Amino acid sequence: MTDAPTKAGFVALIGEPNAGKSTLLNRMVGAKVSIVTHKVQTTRARIRGVAMDGQAQLIFIDTPGLFKPRRRLDRAMVAAAWGGAADADVVVLMIEAHRGMSEGVKAILANLADRTGKTKVALVINKIDKVKSEGLLALTRDMNEAFPFAETFMISAERGHGCDALRAWLVEQVPEGPWLYPEDQIADLPMRMIAAEMTREKLTLRLHQELPYELTVETENWEERPDGSARIDQLIYVARDGHKGIVLGKGGETIKAVSQAARAEIMEFVGRPVHLFLQVKVRPNWLEEKERYSEMGLDFKDGNT
Ligand SMILES: Nc1nc2c(ncn2[C@@H]2O[C@H](COP(=O)(O)OP(=O)(O)OP(=O)(O)O)[C@@H](O)[C@H]2O)c(=O)[nH]1
Ligand SMILES: [Mg+2]
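Per-chain numbering applies: the sequence of each chain, read as written, is numbered from 1 onward. Chains and ligands are labelled sequentially in the order written, the chains with letters from A and the ligands with numbers from 1. It should be noted that, the model being predicted, local features are given only for residues of pLDDT at least 70 and side-chain atom pairs only at 80 or more, the latter also being counted only at that level, while totals for whole chains, interfaces and linings use all residues. Each side-chain value is derived from all of the structure's non-hydrogen atoms; neither hydrogens nor water enter the calculation.

Colleague: Tell me what's going on with the overall build of the chain, and back it up with residues and numbers.
Modeller: Strands are runs of DSSP state E lasting at least 2 residues, helices are runs of H or I lasting at least 4, and numbering of each runs from the N terminus. Within the chain one finds nine helices and nine strands. Against the globule reference of 19 Å for 305 residues, the chain gives a C-alpha radius of gyration of 20 Å, in line with a compact fold. Structurally, the chain occupies a C-alpha span of about 55 × 45 × 40 Å along its principal axes. Put simply, the chain has 305 residues, and 52% of those count as buried. For the area figures, the Shrake-Rupley method with a 1.4 Å probe applies, and any residue is considered shielded solely by the protein chains shown. Of the roughly 14300 Å² of accessible surface on the chain, 49% is carried by carbon and sulfur atoms. We count Lys and Arg on the positive side and Asp and Glu on the negative side, and we leave His and both chain ends out. Positions of charges follow a simple convention, taking NZ of Lys, CZ of Arg, CG of Asp or CD of Glu. Positive and negative side-chain charges in the chain, numbering 41 and 42 respectively, have mean positions lying 6 Å apart. This radius of gyration counts C-alpha atoms alone. The globule rule is 2.2 Å times how many residues there are, raised to the power 0.38. Throughout this description, buried means an accessible area under 20% of the type-specific maximum (1.4 Å probe, protein chains only), exposed means over 50%, and partly exposed covers the range between.

What follows is the structure, encoded as structure tokens:
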């Protein structure tokens with residue numbers, strides 16, 4: 001085994017919002033590096049997670065969901081998703097078993113050949129735990145008639161079914177070559193950004209409707225203390241006055257619960273005590289500010305990609 005040559009390559013995960021891309025990335029990496037919620041448009045930027053499999057290193061690129069962009073943030077997210085696909089050695093298109101060939105999936109298929117060129121694309125039908133198996137054959141056939149997928153997998157990213165077969169196939173696809181990340185590195189996002197994402201996940205889980213979309217979280221300050229703990233200050237930007245009150249909650253109870261949940265998760269990730277301080281700021285124009293985008297790792301541009 002150790003005599004086998006090393007391999008390394010990039011696997012881009014694309015699909016509609018909520019398909020389960022981040023769930024699959026976390027499963028492959030074996031740790032939570034990308035946030036997951038039941039809401040659409042959770043992932044905003046390209047997030048890389050590194051998975052080791054014997055002598056092979058698979059670098060999974062999680063991308064924001066592909067959908068019809070309307071606003072600037074939408075456009076930046078969709079551009080980041082297609083950009084991730086363009087950079088990869090293998091592309092994985094994830095669809096949801098119970099939703100099948102939706103309008104959104106058809107829209108992705110229409111662009112897939114142009115965007116992926118000669119790169120191999122695998123079809124991954126996710127959430128098979130939600131459906132009876134009979135329908136899956138017809139879905140597989142229809143999808144493969146619409147696009148020449150290199151392979152089709154049926155999985156449950158959440159429960160793990162089918163994930164080993166997918167991983168083994170991906171290992172076969174990536175080229176021989178030196179590893180691109182140290183063996184023990186699992187993500188290439190800076191810690192301050194992962195910590196901000198964890199807080200954004202807790203906010204998204206607690207807040208309703210459009211609000212999660214209208215806020216962003218940034219780590220302002222990260223201070224290592226002599227006692228081995230870390231003090232982390234984060235800013236939550238909201239676009240409207242009224243949103244600040246909602247984020248704080250009655251008597252500050254919402255922000256308190258968010259802070260506790262985020263702190264616990266950040267602490268588990270960094271493996272030492274964390275003191276987390278959250279502050280909410282109203283910034284009506286943050287969705288149009290270049291700096292907010294660079295903090296999220298997105299390009300600030302107005303193209304119609
Ligand atoms: N039942 C079931 N639910 C799943 C499965 N995989 C993911 N989910 C759920 O689907 C929802 C969306 O998962 P995400 O991983 O955030 O989806 P995503 O594709 O990254 O979504 P965006 O970041 O918004 O594009 C979450 O509630 C997951 O728990 C699965 O195999 N079965
Ligand atoms: Mg995601």
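Colleague: How would you sum up empty space enclosed by the protein? Please name residues and give values.
Modeller: Cavity and pocket criteria rest on a 1 Å grid covering protein atoms alone: a 1.4 Å probe that fits but cannot get out defines a cavity, protein on both sides within 12 Å along at least 5 of 7 lines defines an open pocket, and an atom within 4 Å of a point defines a lining residue. Grid points are joined across faces, edges and corners, and a volume is the space filled by probe spheres set on the points. Enumeration over the complete set of coordinates arrives at one cavity of 30 Å³ or more. Roughly 30 Å³ of volume is contained in the largest cavity. Residue lining of the largest cavity: K32, V33, I35, I194, E197, M198 and E265, and that is the complete set. In this classification, Asp, Glu, Lys and Arg are treated as charged, Ala, Val, Leu, Ile, Met, Phe, Trp, Tyr, Cys and Pro as nonpolar, and every other residue, Gly included, as polar. Its residues assigned to classes, the lining of the largest cavity shows four nonpolar, no polar and three charged.

Colleague: Could you give an account of the packing of aromatic side chains, naming the residues involved and the relevant values?
Modeller: In this analysis, rings of Phe, Tyr and Trp, with Trp reduced to its six-membered ring, are considered paired at centre separations within 6.5 Å, and the interplanar angle assigns stacked below 30 degrees, edge-to-face beyond 60, and tilted for intermediate values. Summed over all chains, the structure comprises three aromatic pairs. Taken together, a centroid distance of 4.9 Å and an interplanar angle of 55° make the contact between F147 and F149 tilted. You'll find F147 and F149 in the same group, each marked buried. With a centroid separation of 5.3 Å and 70° between ring planes, the pair formed by Y293 and F300 is classed as edge-to-face. F300 gets classed as partly exposed once you look at its relative accessible area, which sits at 27%. Here the basic side chain of R231 rests over the ring of F277, its NZ or CZ set 3.9 Å away from the ring centre. Here, over-ring charges are defined by two tests on the NZ atom of lysine or the CZ atom of arginine: distance to the ring centre within 6 Å, and angle to the ring normal within 35 degrees.

Colleague: Provide a residue-level description of unusual backbone geometry, including the pertinent values.
Modeller: Phi is positive for N18, which is not a glycine, with a value near 80°. Structurally, N18 can be placed in the loop between β1 (7-15) and α1 (21-29). In this structure, K127 takes a positive phi of about 65° despite not being glycine. Its place among the elements puts K127 in the loop between β5 (120-126) and α4 (134-146).

Colleague: Kindly report on the site of ligand 1, identifying the contributing residues and their values.
Modeller: Only heavy atoms are used to decide nearness, and a residue is near a molecule or strand if one of them lies within 4 Å of it. Inspection of the region around ligand 1 gives 23 residues, with K21, T23, Q41, T42 and E158 positioned closest. Polar contact is defined as a pair of N or O atoms within 3.5 Å, subject to the rule that within protein one atom must be able to donate a hydrogen and the other to accept it, and that residues adjacent in sequence are counted only when both atoms are side-chain atoms. Here an oxygen atom of ligand 1 sits 3.2 Å away from a polar atom, N or O, in the main chain of G65. Coverage of ligand 1 by the protein chains reaches 91% of its 660 Å² of free accessible surface. For this analysis, a molecule is said to be in a pocket or cavity if more than half of its atoms are within 2 Å of the grid points defining it. Mapping ligand 1 onto the cavity grids shows that it belongs to the largest pocket.

Colleague: Explain the sheet that holds strand β2 (residues 47-53) to me, using residue names and the numbers behind them.
Modeller: Within a sheet, adjacent strands bond to each other through the backbone by hydrogen bonds, running parallel or antiparallel. Strand pairing follows a simple DSSP-based rule, namely that at least 2 bridges must link the two strands. With respect to topology, six strands assemble into an open sheet ordered β2-β3-β1-β4-β5-β6, the strand pairing being mixed. Each end of this open sheet is capped by a strand with a single partner; those strands are β2 and β6 (151-154). Strand-to-strand twist across the sheet, computed as the mean angle between neighbouring axes with direction ignored, equals 25°. Strands in contact with helix α5 (residues 163-173) are β1, β2, β3 (56-62), β4 (90-96), β5 and β6; relative to β3, the strand with the most contacts, it is inclined by about 110°. Axis angles are defined between N-to-C directions and span 0 to 180 degrees, where every axis is a line fitted to C-alpha atoms and, for a helix, only to the segment in contact. Two residues form a contact once any of their heavy atoms are found within 4.5 Å.

Colleague: Provide a residue-level description of the pattern of salt bridges, including the pertinent values.
Modeller: What makes a salt bridge here is a side-chain nitrogen of Lys or Arg within 4 Å of a carboxyl oxygen of Asp or Glu, nothing more. Tallied over the full model, the rule gives 24 salt bridges. Note that K127 and E96 form a salt bridge whose closest N and O atoms lie 2.9 Å from each other. In this pair, K127 sits in the loop between β5 and α4 while E96 sits in strand β4, placing the two residues 31 residues apart along the sequence. Judged by relative accessible area, E96 falls into the buried class, the value being 7%. R292 is the salt-bridge partner of E289, the closest N and O atoms lying 2.7 Å from each other. The burial state of E289 is the same as that of R292; both residues are buried. Taken together, the shared-partner salt bridges in this structure form one network comprising E218, R283, E289, E291 and R292.

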